[in-house]
Every structure is written in structure tokens, then in C-alpha cells.
Amino acid sequence: MASLLSATSAVHSRNGQSCLPIHSSEGQATIPVRFDGTNLSIGFSTDPTANIIDGSSIDHGITKAPYERSFSPYEFNGGTTLAISGPDYAVVAADTRLSSGYEILSRNVSKLHPLTDRCVLGSAGCKTDVDQLRSVLDIKMKVYQHNHRKPMATPSVAQMLGNTLYMKRFFPYYSFNVLAGIDSEGKGAVYSYDAIGSFERTPFSASGSGQSFLIPLMDNVISHKNRCDERRDLPVEEVVEIVKDAFLTAGERDIYTGDAVEIKIITSEGIRTEMFNLKAD
Amino acid sequence: ILGTMAGGAADCSFWIRFLRNESKMHELIHEGRAISVARASRLLSSVLYGNRGLDLSVGTMIMGYDKRDGFSIYYIDNTGVRIKGDMFAVGSGSTFALGILDTEERKFDMSEEEAVTLGIKAIRHATLRDAASGGFIGVYLINENGWRKVFSQDLAKAI
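Residues numbered from 1 in each chain as written. Chains lettered and ligands numbered in written order. Predicted model: local features only at pLDDT ≥ 70, side-chain atom pairs only at ≥ 80, totals over all residues. Heavy atoms only, no water.

### Considering the overall build of chain B
When helices and strands are counted, chain B shows four helices and seven strands. In sequence order, the secondary structure elements of chain B are arranged as β-β-α-α-β-β-β-α-α-β-β. Expected size for 159 residues packed as a compact globule is a radius of gyration near 15 Å; at 16 Å, chain B falls within 12% of this value. When its C-alpha atoms are laid out on the principal axes, chain B stretches across 50 × 35 × 30 Å. Put simply, chain B has 159 residues, and 33% of those count as buried. Of the roughly 10000 Å² that chain B leaves accessible, carbon and sulfur atoms contribute 53%. Computing the positive centroid from 19 side-chain charges and the negative centroid from 19, chain B places the two 4 Å apart. (Helix = DSSP H or I, 4+ residues; strand = E, 2+ residues; numbered from the N terminus. Rg over C-alpha atoms; globule rule 2.2 N^0.38 Å. Buried < 20%, exposed > 50% of the residue type's maximum accessible area, 1.4 Å probe, protein only. Areas by Shrake-Rupley, 256 points an atom, 1.4 Å probe, with all protein chains shown as cover. Lys, Arg positive; Asp, Glu negative; His and termini not counted. Charge placed at Lys NZ, Arg CZ, Asp CG, Glu CD.)

Shown next, in the form of C-alpha cells:
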């Protein structure tokens, strides 16, 4: 899938020989290439009469030129999550599509996981790492509950998740998390994370493949940036409608986002769930 | 004792938090006696030296006041280096900040206001020139009794 333009920037040196990285579900493979400045074509250095490599085919058999395969333990299963905090509520939403490369594995997989009655974790990334992270968190929360005789407060969950992610600093969980919940004072709280556990409490957070489409929209609508009109507090029903619109946009532009959105609204009364269908294309 | 953080976000937050916990433990073990800046900074630098070669990214300054040494600043980074000094600038924008700091007429008995003003000027120049620096400016002042925040500015709201 490498076009000539991206190929020129993607060529890097490996043992002194120019190599073109090929991306596939098998992980990384590299094929050594030579650029001929006069005719702008890519050809094997050993055989000038060979066909032009278009990069979209992986040769599984024997080739003339040597290339290197490697196993990648990570795979990106797609998906987008979004969380928004309010004065007394938090809304967290994620699409329900699970993909691998260009294939859809399931249209109905949940990316949201309630950790307590007041706290939900949304994660996009590699499904197996996400599932394992959740199991680990569930166990830690159970132990906390047994030791402290109360469920964990949301800021404590946030810190615990950060530490759990950092514990695997040198072989990270491929999981892009957002944590949404109600803090001990009853206010909405949203925390954004990176893959190795750096976190921060933020007014909203989006992660996953569609985050680039959601974040600018949220900056304008929720954080009221680059707007000249008066800012007003948004009620929870309006925020839910905004979330649905946002996922419609992300679903249009991002191939990994679609099928349906699962929306959870967290208030001090509890967690309410809503499903909203998106295009299945 | 204050610590600044530059480099990898997760690495810095985790290891500074580790240092905070160890300092608290020290106080509890030694009956309320506060940890010295030299000791705290060495705790951090030892652990970073031990993790050398694992591609951590941490650039910090540990500073504070104690009775034995007065005011001290220690620069510590992921290579395990720990150096005491009177003035440091750390991070991707440090060269720009140092340009301001080194060309100002520095007296060693600068007043607090002059020092704060100089700090703000240096940081503001770094945010101007360095793509990776910006957002907010925060200035903290440390005296014998502790630290407090003296200046905070959101650069989006500044002119």
C-alpha cells in the first residue's frame, strides 16, 4: 500500500542498504530497494529487469532479494472512545466495531467497562491487551474493596490505572484509555491516558483511531475554543446528542469506526446505557 | 522540596511520585524530620542510574531548603547524572531559556521579584522559540518555610 510519494519518505537504511517497510498483519517486513533517479522507478538492486514493486503484495515464497520478517506482538483492532465531563455527570461513548486490518471481526463488541458504580473505563487499541488490563484492574479493585471495606473512588482508580500501565513500561499494554466517572464531590471527572500511564484530569478526552476527528470538534463545542458567542453550561441530554453527532462524523471518515455507539451516562444515581446505530459500511 | 519534570510524561510522573513517597517514608521513619535535598535527589538519581539503558526519558531539577546546606538545586536526568548548581535550564527549550539567563546582568544577591521576573522572561522566550514548549507558565518561589506558587499564566489568554 505504499505509493511512490510515501515510499520516498519511508525508505530507511538497514545495514547500509535502502529498505522499504511493508506493513501487513504479520508485522513488519522490509524489502531492499534501489531508487533510480532518472526514471523514478523502484527496482531490485540485483535484477534491474524485474517488475516494479508496488508494495501491496507480500511474497510468501522464495524471492531473489533477501528480506526480513519479524513477529509483532501488537495488533490494532480499531475503535474510538470519547468521554465528556459535566458539573454533575460524565458521558462516555465508544463504537462497537472490532476490526483487524481491512476486515471486520465483529460489529457488536463493547469497549466500555464499568469498574465501579460511578466509574467506567473505555479503551481502544489491541483487544487482547485491553481485556487483560481490565482483568488486572478488576482484581486490584476487588482486593482494595476487601482491604478498605468500600469501593474505590474515581481519582484513586485513575491513579491505579496509571500505575498499572507504568508497571509494563518496557512492554506496554497497547491500550488507549479514557476513564470517566463521578468524583467524591459528585462532579464529573474524565481522565486521559497514554499507553504507558501518563494521565491527567481533563474536561473531555477522545482516544483511538477516530480521535483526530473528535478532538477538534470537542475543542470547539465543549471547551468553547475559537468561538465568539457566550459560553453556556450544557445539560446532559444535549451532550449526549453532541456525542452522537460526533460519532456520526468519525464514522464517516474513519474506516475503523462504525456499526453502533454505546453511550454510558454516569451520574451520582448510577450508570445508564444507550445504543445508537451508525452506518455499517 | 520541589521537583520539576521534563522529558517523558509517564516516566516523570511515575518517578517523581516515587520520590514523593520515599520522602514521606523518610519522614515517618525518622520521627518527623524532613528529608534533605541532597538525600532526596540522590534517591532519584540512583534509581535512574539503575534503569540506565532502558530508554527512560527524565530531566528534572530537585530543589529546596535545608538547614545543613541552605538552598540547593540538583539537576538529575535519565543517564543518572546528579549535579548541584545555582542555575539550570532543562528540556527541549532549555537553550533558548539559557540565552536569556546568561545575557542578563546576574547579581548573586538578586531580590525575589527580580529573580521571578527573570524566570518568567526566560520561560516566555523558550515557549516562543521552541515548538514543544508552551501552554502555561508557572513560577514557584522557595524560601526557608517552603514553596508557593507566585505566578501563573495561560499563554492562550496572554496578548
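### Considering the packing of helix H3 (residues 154–167) of chain A against helix H1 (residues 9–29) of chain B
Close contact between H3(A) and H1(B) brings their axes to 11 Å; oriented N to C, the two are set at 110°. What the angle tells us is that H3(A) and H1(B) run roughly perpendicular. Every residue of H1(B) that contacts H3(A) at Gln159(A), Asn163(A), Tyr166(A) and Met167(A) is listed here: Ala10(B), Asp11(B), Phe14(B), Trp15(B) and Arg17(B). Considered class by class, the residues forming the contact of H3(A) with H1(B) number five nonpolar, two polar and two charged. (Axes fitted to C-alpha atoms, helices over the stretch in contact; angles between N-to-C directions. Parallel < 35°, antiparallel > 145°, perpendicular 65-115°, else oblique. Contact = heavy atoms within 4.5 Å. Nonpolar A, V, L, I, M, F, W, Y, C, P; charged D, E, K, R; others polar.)

### Some details on unusual backbone geometry
Residue and element names in this part refer to chain B. Residues other than glycine seldom take positive phi values, yet Glu-31 does so here, at roughly 50°. One non-glycine residue, Asp-55, lies in positive phi territory at about 60°. Looking at where Asp-55 falls in the secondary structure, it is placed in the loop between helix H2 (37–50) and strand S3 (58–66). Classification of Asp-55 by relative accessible area gives exposed; the value is 68%.

### Points about the pattern of salt bridges
Residue and element names in this part refer to chain A. Within the structure shown, the criterion is met by 17 salt bridges over all chains. In this structure, Asp-95 and Lys-111 form a salt bridge, with 3.3 Å as the shortest nitrogen-oxygen distance. In this pair, Asp-95 is assigned in strand S8 (residues 89–95) and Lys-111 in the loop between strand S10 (103–106) and strand S11 (112–116), connecting sequence segments 16 residues apart. Lys-111 matches Asp-95 in its accessibility class, with the two residues each being buried. Measuring nitrogen to oxygen at the nearest pair gives 2.8 Å for the salt bridge that ties Asp-131 to Lys-127. Note that Asp-131 and Lys-127 are positioned in helix H2 (residues 127–148) at a spacing of four residues, about one turn of the helix. For Lys-127, a relative accessible area of 25% gives the class partly exposed. (Salt bridge = Lys/Arg side-chain N within 4 Å of Asp/Glu carboxyl O.)

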